[in-house]
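Each chain, written out:
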Amino acid sequence: MSGDIRLPATDAAPAEARNRAHRPGRVTITEVTAGAATLFFVLAAVVPHWVAPGNPLGIDPLSAFQQPSFAHGFGTDESGRDIYTRVVHGTGSSLLIGAAATSIGLGLGLVLGTLAGMFGPVVDFTVNRVLEVLFAFPGLLLALLFILVFGPGVITATIAVGLSTAPGYARIIRAQLITVRRSAYVEAATVQGLSRAQILLRHILPNTLAPLFVLATLGVGQAIVWAATLSYLGLGAEPPAAEWGAMLSAGRTYITSAWWMSFFPGLFIVLTAVTATVLGRSLDRRLRHA
Amino acid sequence: MLWAVATITFFAVRLIPGDPAEAVLGGPGSMASAEALAAVRREYGLDQPLFVQYLDHLVRLATGDLGRSYALSIDVGPLVLSQLGGTLLIATLALGVAWLLALALATWSTRGGKIAWYLGSGLEIVAAALPHFWFATALIVVFSIWLGIFPPISTSGAAGLVLPVVTLAVPLAGFLGQIMRESLLLALESPFVLSARARGESEAGVRWIHAVRHAALPAISLSGWAFGSLISGAVVVETIFARPGLGRTLLNAVTSRDVPVVIGVVMIVAVVYILMTLLTDLGSRLADPRLAVRS
């Protein structure tokens, strides 16, 4: 079956652009911006009170539905809560959900991929059939099935997202393992008489794990989008929690009059996903050239 | 393949805590009497041993009987089939539009110099990161509420199709565009393009006859996956635009724990997905005759 998920395009700029901006080691403007954005998101997640001093749940009915202004940069919601404060305070839970889901997906993918890639043709065949079946539950379908069984909520939604990304990861890890195992340096190590364990630990694993790091960075962005989608559909985090998807879901009711209630949480989702993609790619490029 | 999907869904839904018979009668809060529960169990075959239920389930699936909905008390088969058309329509249209957009972006950004290159790749990254639900909301605000061009609730006419299709197509175009651009560049640097240029073919000829075919290959093989992601996207888009379709049916069934409907939708999606994968394999062979020779 050929419907697999691949790493998006990497270092493929035209020759002149590649020579100028993509010289390994040289930091580009894009990377600096992505780094600054990451710093902001990490600060917002760890110490939200530094970035937005207000109370994310503080109700002020007199200033409900205010447009974005100097006092409320992103406007206010139906209870007069400041959207900017809420979005910043939601960063922690949204990033945590994304990171947890990615770890679950990668962990499962690593187990399945290693089984398929390292333990002979019989295991490989079995795991591949399992993966093929899992691929027939595309995208959200597996997540929805999981939520049907275990009920909605933040934790089930997180596991559900992790679970539905696992087959994709498993495929990539398996392919990577097989490529590495057949490479010249592994052959050289075998000829030199290194034991299987030594080859696995010293040569195969490090060369498989580096690309995993890239996958993880790229995956966090997607996981955040998916988890927010589940919250939006009412199957994950629920209002009044300051989680981005839940905030968007709450803003849906007032979409005709207060667009800013939906716009800014969504903007933050897009920004984190874009940041994750840019970081993942630059990591990928550096690892390749290193 | 379908058997495996059927088996997984059957045993997965048996893990659901609570009595399915109670679910039929409106959940644990309905205080259903013991006789009513027993009657429901008999009607849905829930009083049989698990293994018998499983075999029964498989036999009925094989004959195309998907059971009855708990919540709606109608047969699942006709229900799901009646919803399939709407979803297939927007998914197919979105796939087509995404292909055109991705191809346009990829060709433009590889020939327009450095600014086009950065703009193109930037657009693709942002497009690929757009969550459907947010993008749909933004489109509604701008095109329905501010400009009033398209209806916010998808009517049956063509105008109602525009926003849902655009919502589904743009993020997908971001993904496809990234992949297409990479393979287009590889193709443009390859010897056969050099020899075509040496023969004196025009730039357009080189691109549209030789290079595009290679650029399309990985994107074609991704289309099966893309279709899957479109179905998940349909869950969101159909809910937001209040369009009838498989996605909305699935979401409603999951929230009301209507197990037979969920199973029905999952089975149909699996069938469509398998067909799509076969189609993409065929498509890849058409675009790359080497594949047929090799296997």
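Since we're looking at a predicted model, the values are computed, not measured. (Residues numbered from 1 in each chain as written. Chains lettered and ligands numbered in written order. Predicted model: local features only at pLDDT ≥ 70, side-chain atom pairs only at ≥ 80, totals over all residues.)

(A) Summary view of the overall build of chain A. A count of helices and strands for chain A gives eleven helices and zero strands. Listed N to C, the secondary structure of chain A is α-α-α-α-α-α-α-α-α-α-α in terms of helices and strands. Sequence separation of at least 24 residues holds for 65% of the intrachain contacts in chain A that already meet a minimum separation of 6. (Helix = DSSP H or I, 4+ residues; strand = E, 2+ residues; numbered from the N terminus. Contact = placed C-beta atoms within 7 Å.)

(B) Representation of the overall build of chain B in the model. From N to C terminus, chain B includes 13 helices and zero strands. Its helices and strands in sequence order give chain B the pattern α-α-α-α-α-α-α-α-α-α-α-α-α, from N to C terminus. Among the 295 residues that make up chain B, the fraction classed as buried is 44%. Partitioning the contacts of chain B with sequence separation of at least 6, the portion at a separation of at least 24 is 68%. (Buried ≥ 20, exposed ≤ 12 C-beta atoms within 10 Å, placed from the backbone.)

(C) Layout of the packing of helix 9 (residues 191-198) of chain B against helix 10 (residues 203-240) of chain B. Residues and elements named next belong to chain B. Helix 10 packs onto helix 9 with a crossing angle of 150° between their chain directions and a minimal axis gap of 10 Å. By the angle between their directions, the pair helix 9 and helix 10 is classed as roughly antiparallel. In the packing of helix 9 onto helix 10, the handedness of the crossing is right-handed. Facing helix 9, whose interface residues are F192, V193, A196 and R197, helix 10 presents V206, H210 and A211. (Axes fitted to C-alpha atoms, helices over the stretch in contact; angles between N-to-C directions. Parallel < 35°, antiparallel > 145°, perpendicular 65-115°, else oblique. Left-handed = near helix turned anticlockwise from the far one by under 90°.)

(D) Representation of the interface of chain B and chain A within the structure. The interface is formed by 54 residues belonging to chain B together with 44 residues belonging to chain A. For the side of chain B that touches chain A, the class distribution of residues is 35 nonpolar, 14 polar and five charged. (Nonpolar A, V, L, I, M, F, W, Y, C, P; charged D, E, K, R; others polar.)

(E) Structural view of unusual backbone geometry. Despite not being glycine, A242(B) shows a phi value in the positive range, around 50°. When you line up the elements, A242(B) lands in the loop between helix 10 and helix 11 (246-255).

(F) Expanded view of the packing of helix 5 (residues 76-111) of chain B against helix 10 of chain B. Residues and elements named next belong to chain B. Running from amino to carboxyl end, helix 5 crosses helix 10 at an angle of 140°, the nearest separation of the two axes being 9 Å. Taken together, the axes of helix 5 and helix 10 lie oblique to each other. Handedness of the crossing formed by helix 5 with helix 10: right-handed. Contact residues: helix 5 offers T87, I90, A91, A94, L95, A102, A106 and T107, while helix 10 offers R207, A215, A219, S223, A226, F227, L230, I231, A234 and V237. Across the contact of helix 5 with helix 10, the residue classes break down as 14 nonpolar, three polar and one charged.

(G) Here's a closer look at the environment of S79(A). You can see S79(A) is positioned in the loop between helix 3 (48-51) and helix 4 (83-118). The sequence separation of S79(A) and L212(A) amounts to 133 residues, and the corresponding C-alpha distance is 44 Å.

(H) Region of the structure containing helix 5 of chain B. Residue and element names in this part refer to chain B. With 36 residues, helix 5 extends 52 Å from end C-alpha to end C-alpha; this agrees with the ideal 52 Å at 1.5 Å per step. Where helix 5 bends most, at L84, the angle is about 30°. Immediately downstream of helix 5, the backbone of G113 shows phi near 85°, a positive value. (Expected span 1.5 Å × (residues − 1). Bend = angle between axes of the 7 residues up to and from the residue.)

(I) Representation of the nonpolar core within the structure. Counting 155 residues, the largest nonpolar core has A102(B), L176(B), V262(B) and V266(B) as the members making the most contacts within it. Ignoring any residue separated from it by four or fewer positions in sequence, one finds A102(B) in contact with A173(B), L176(B), G177(B), M180(B) and A219(B). (Core = buried A, V, L, I, M, F, W, Y, C linked by C-beta atoms within 7 Å.)

(J) Representation of the environment of V265(B) in the model. All names here are of chain B. Following the sequence through the fold, V265 ends up in helix 12 (residues 259-287). As for V265 and W117, which are separated by 148 residues in sequence, their C-alpha atoms are 42 Å apart. Sequence-distant contacts of V265, defined by excluding residues within four places in its chain, comprise V80, L246, T249, L250 and A253.

(K) Here's a closer look at the confidence of the model for chain A. Residue-level pLDDT values for chain A average 78, and 89% of them are 70 or greater. In this model residues 1-22 of chain A is a low-confidence stretch, pLDDT under 50, and it forms 48 contacts with partners more than four residues away in sequence or in other chains. (pLDDT = per-residue confidence, 0-100.)

(L) The arrangement of the confidence of the model for chain B in detail. All names here are of chain B. When pLDDT is averaged along chain B, the result is 77; 85% of the residues meet or exceed 70. Mean pLDDT per element in chain B: helix 2 (residues 20-24) is the minimum at 63, and helix 11 is the maximum at 85. For this predicted complex, the interface confidence comes out at an ipTM of 0.76, alongside a pTM of 0.78.

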